[in-house]
Protein chains: 2
Amino acid sequence: MSKDNTKYNTNTPFSKTPGSTNPKAIKSFKSRQQKKVDIEELFTKIRTKDRTALSQGITLIESSQPLHQEKAQQLIERCLPFSNNSIRIGITGVPGVGKSTFIEALGNILISHQKKVAVLAVDPSSSISGGSILGDKTRMETLVASPDAFIRPSPSGNSLGGVAQKTRESIILCEAAGFDTVIIETVGVGQSETAVHSMVDFFLLLKLAGAGDELQGIKRGIIEMADSIVINKADGDNKKRAREAKNQFKKALHLYPISHNGWLPQVLTCSALTNEGITDILELISSYIKITKTNGSFENKRIEQNKYWLLQTIEEQLKSSFFNHPGIKEILPKKIDALKRHEISPFAAAKALLTLHKNNTEKA
Amino acid sequence: MSKDNTKYNTNTPFSKTPGSTNPKAIKSFKSRQQKKVDIEELFTKIRTKDRTALSQGITLIESSQPLHQEKAQQLIERCLPFSNNSIRIGITGVPGVGKSTFIEALGNILISHQKKVAVLAVDPSSSISGGSILGDKTRMETLVASPDAFIRPSPSGNSLGGVAQKTRESIILCEAAGFDTVIIETVGVGQSETAVHSMVDFFLLLKLAGAGDELQGIKRGIIEMADSIVINKADGDNKKRAREAKNQFKKALHLYPISHNGWLPQVLTCSALTNEGITDILELISSYIKITKTNGSFENKRIEQNKYWLLQTIEEQLKSSFFNHPGIKEILPKKIDALKRHEISPFAAAKALLTLHKNNTEKA
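Only a predicted model underlies this, so the values are computations on that prediction, with no experimental measurement involved.

A. Representation of the relation of the copies chain A and chain B in the model. Between the two copies, chain A and chain B, the superposition gives an RMSD of 0.1 Å; the rotation angle is 180° and the shift along the axis is 0.0 Å. The operation mapping one copy onto its partner corresponds to a two-fold rotation axis.

B. Quick look at the sheet that holds strand β1 (residues 87-92) of chain B. Residue and element names in this part refer to chain B. With respect to topology, seven strands assemble into an open sheet ordered β3-β2-β4-β1-β5-β6-β7, the strand pairing being parallel. If you trace the sheet from one side to the other, it starts and ends with β3 (149-151) and β7 (266-269), each paired once. Averaged over neighbouring strand pairs, the angle between their axes works out to 20° when direction is ignored. Of the pairings in the sheet, the one linking strand β2 (residues 117-122) to β3 comprises three bridges and is parallel in character. Bridging from a neighbouring strand, valine 119 pairs with isoleucine 151 of β3. The sheet contacts of helix α5 (residues 99-112) involve β1, β2, β3, β4 (181-186), β5 (202-208) and β6 (228-232), and relative to β4 the element is tilted by about 175°.

C. Structural detail: the packing of helix α12 (residues 278-294) of chain B against helix α13 (residues 297-323) of chain B. Residue and element names in this part refer to chain B. Contact pair α12 / α13: the axes reach a minimum separation of 5 Å and the direction vectors enclose 85°. The orientation of α12 relative to α13 falls into the category roughly perpendicular. The residues of α13 that touch α12, namely those facing Tyr288, Ile289, Thr292 and Lys293, are Ser297, Phe298 and Lys301. Grouping the constituent residues of the contact of α12 with α13 by class yields three nonpolar, two polar and two charged.

D. Spotlight on the sheet that holds strand β7 (residues 266-269) of chain A. All names here are of chain A. Taken in spatial order, the seven strands make up an open sheet running β3-β2-β4-β1-β5-β6-β7, and their pairing is parallel. Two strands close off the open sheet at either side, each with one partner strand: β3 (149-151) and β7. Across the sheet, the axes of successive neighbouring strands diverge by a mean angle of 20°, strand direction being ignored. Both strand β1 (residues 87-92) and strand β4 (residues 181-186) contribute to a ladder of six bridges, which runs parallel. Note on β4: the bridge partner recorded for glycine 90 is isoleucine 184. Sheet strands in contact with helix α5 (residues 99-112) are β1, β2 (117-122), β3, β4, β5 (202-208) and β6 (228-232), and its direction is about 175° off that of β4.

E. Spatial organisation of the environment of Arg51(B). All names here are of chain B. The topology assignment puts arginine 51 in helix α3 (residues 51-62). Judged by its relative accessible area of 23%, arginine 51 is partly exposed. With 98 residues separating them along the chain, arginine 51 and alanine 149 place their C-alpha atoms 9.0 Å apart. Reaching out from arginine 51, the side chain makes a polar contact with the backbone oxygen of alanine 149 at a distance of 2.6 Å.

F. Region of interest: the interface of chain A and chain B. Counting residues at the interface gives 52 residues for chain A, matched by 52 residues for chain B. Overall, the association of chain A and chain B removes approximately 5000 Å² of surface from exposure, summing both partners, and the carbon and sulfur fraction of that is 69%. Taken together, chain A and chain B are joined by two salt bridges. Two residues, Glu315(B) and Lys319(A), come together in a salt bridge whose shortest N-O distance is 3.6 Å. Those elements that provide at least two residues to the side of chain A that touches chain B are α4 (66-79), α8 (160-176), α11 (239-254), α13 (297-323), α14 (326-340) and α15 (346-363) of chain A. Among the elements that take part in the side of chain A that touches chain B, α13(A) stands out by supplying 15 residues, more than any other.

G. Expanded view of the side chain of Asp235(B). Residue and element names in this part refer to chain B. Inspection of the secondary structure assignment puts aspartate 235 in the loop between β6 and α11 (238-254). No salt bridge forms around the buried aspartate 235; measuring N to O, its nearest opposite-charge neighbour lysine 233 is 8.2 Å away. Of note is the side chain of aspartate 235, whose polar atom sits 2.5 Å from the side chain of serine 271. Each residue touching aspartate 235, except ones within four places of it in the same chain, is listed here: Ser271, Leu273 and Thr274.

H. Quick look at the pairing of β5(A). Residue and element names in this part refer to chain A. By the criterion of burial, β5 is predominantly enclosed, with six of the seven residues buried. Relative to β5, β1 is paired through four bridges, and the arrangement is parallel. Directly across from threonine 92, in β5, lies its bridge partner leucine 205. Bridge analysis of β5 against β6 gives five bridges, and the strand direction is parallel. Paired with leucine 205 across the two strands is isoleucine 229, which belongs to β6.

I. Highlighting the packing of aromatic side chains. All names here are of chain A. Taken as a whole, this structure holds 14 aromatic pairs over all chains when the rule is applied. Summarising the aromatic geometry, the rings of phenylalanine 202 and tyrosine 288 are spaced 5.0 Å apart at their centres and angled 80° between planes, so their arrangement reads as edge-to-face. Placement of the pair is phenylalanine 202 in strand β5 and tyrosine 288 in helix α12 (residues 278-294), with a sequence separation of 86 residues. Under the relative-accessibility criterion, tyrosine 288 is labelled buried at 1%. Through a chain of ring-to-ring contacts, three or more aromatic side chains come together here, namely Phe202, Trp263 and Tyr288.

Cut-off values and rules
- Residues numbered from 1 in each chain as written.
- Chains lettered and ligands numbered in written order.
- Predicted model: local features only at pLDDT ≥ 70, side-chain atom pairs only at ≥ 80, totals over all residues.
- Heavy atoms only, no water.
- Least-squares fit on C-alpha atoms with pLDDT ≥ 70 in both.
- Pairing = 2+ DSSP bridges.
- Helix = DSSP H or I, 4+ residues; strand = E, 2+ residues; numbered from the N terminus.
- Axes fitted to C-alpha atoms, helices over the stretch in contact; angles between N-to-C directions.
- Contact = heavy atoms within 4.5 Å.
- Parallel < 35°, antiparallel > 145°, perpendicular 65-115°, else oblique.
- Nonpolar A, V, L, I, M, F, W, Y, C, P; charged D, E, K, R; others polar.
- Buried < 20%, exposed > 50% of the residue type's maximum accessible area, 1.4 Å probe, protein only.
- Polar contact = N/O pair within 3.5 Å; in protein donor to acceptor, adjacent residues only side chain to side chain.
- Buried area = accessible area lost by both parts, 1.4 Å probe.
- Salt bridge = Lys/Arg side-chain N within 4 Å of Asp/Glu carboxyl O.
- Lys, Arg positive; Asp, Glu negative; His and termini not counted.
- Phe/Tyr/Trp six-rings, centres within 6.5 Å; stacked < 30°, edge-to-face > 60°.

Below, the structure written as structure tokens:
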């Protein structure tokens, strides 16, 4: 499986984004690109809600070329004063739970309420599977066609940290472009829920009614993160099971300590297919926003999230520069072998590696 | 509150260890110390199960003096081939749950089965509160008096990482001294359960029967770590409530996915006061050890734990050298202020700090 999948190759800034770029725009961007990306021009267009410009801006963010990254940072700094003004909603759920249909239903109702909806994704597996959850153009058909929606597949990348950072930065551009609702979808691979949870205001876990033991096999820590659990596909014969699942989740949520923002996570059922229950979910989100904005925890959470991303980025960068150092790459496996044979203590091994790295860095 | 509490000052290698040092030994160690710590002599004595030598060795580990640290590393490397041969049991529970009485009951039965029992602790709060959970000499009276037991309070220190590392290293010395059962106690401050969980074979959560809703308010993630939950003080009028609590925990545990080692966590009740149920707990631990040794997960877990400590030590060291750098200490709060005012993105702030650190390190 090649990392250079042509669909969303980070090395070219011209990934095919369903419904948000067109060949003409790509050509025009390409030719401009060959000269020079005019950040000021791109910024002005983004501010006029130009979806093509927004798409180009995100493509810059996703590029791994140093020049693009520099430009992307300029663009982000330019957009920053006009960001921070949307409601950010995270949605997670396993494949098959109906995330796309749910987001489409939610998005369409939001748009009917004069909202502008951006949908981004964090899916660290998309670079491996060669396609993203949002890559399938047949999904979210009506939302894709709406002028008030912007849909962007997950950036590709080798590390969750990288993928998440790109999405986190893209939020800033979407907000500057006037999208007042940003939905971040994740399929929940690895720690991606934690990453999405730390960039949204409201985190929603989508579930299906199952075989009666709904909590069995649920991912560790995920329930604690949810501001709401929504049981989807509560239609037809499923309705009764969905109600039972709802009660079981309600009971389980009761076992967790109340969040410090005073919010008690709610369990709802819905059918994204028939739209039943979707308005209730929007009302729930509205009431959450209202409560947390009133008691100050909304703004506090955003500040804490920003601090988290600051520290997280530093830690990841420190680790990556350490573990990608050629000397460390050579010696680390040998130390691990020695550990397995109980010939060295983990602390002595760590010390040896840290000394090696220090000497190498100072020499360089 | 001074960090230099006289009781367990890491700066002096002569902390008062209940029941394991005596004034003569301290004096003799002091005078030797003034000349030179003979690691070979200390090692030989430790191997002959000399508890005073063991105590002196751990004191070296706990010392923050560079010379002592160097000596400690020599001693650890010397002991390493004779370590890794005990059963390591972690015990956590909130204050008041009866940890000391429980450990005394467990320890006494183990000793009656010809085991040699070392009790260590990880309590990052002890340096703040000025005393450790094990610092109170009146606790574990019979165990303290037994020649087959060794009891050591928590090392003091400013960071959990530091405290935990010292305890982790002390295990090696205890094992080399012939202690075939090492109990690690923690009061569960901050992330200390995670630290203890990652250094033991079997992790036991001690609980009390409460007001009927046993799971309410339980610390996040703690249930997932437990190989067994034991409800203590199941005596007298408490028996019925303890049984009810047992059933509730059993139900809750059923909600979690089965551990990859095939072990289904068990819930037991006991009375450390009357010894009722303590033998059942030992049998449970034995059967756990038997199962995991047979399916290989016992040794695998230890290897994974060693890798964890290796990587953890490196990460902590990288972070601490970054965040303790004078330049970073000066600029970080300013960047966080800018974050709060939404003037800078967390990623741009991280980049600025990383660049500053890089330039400073290369200059140095």
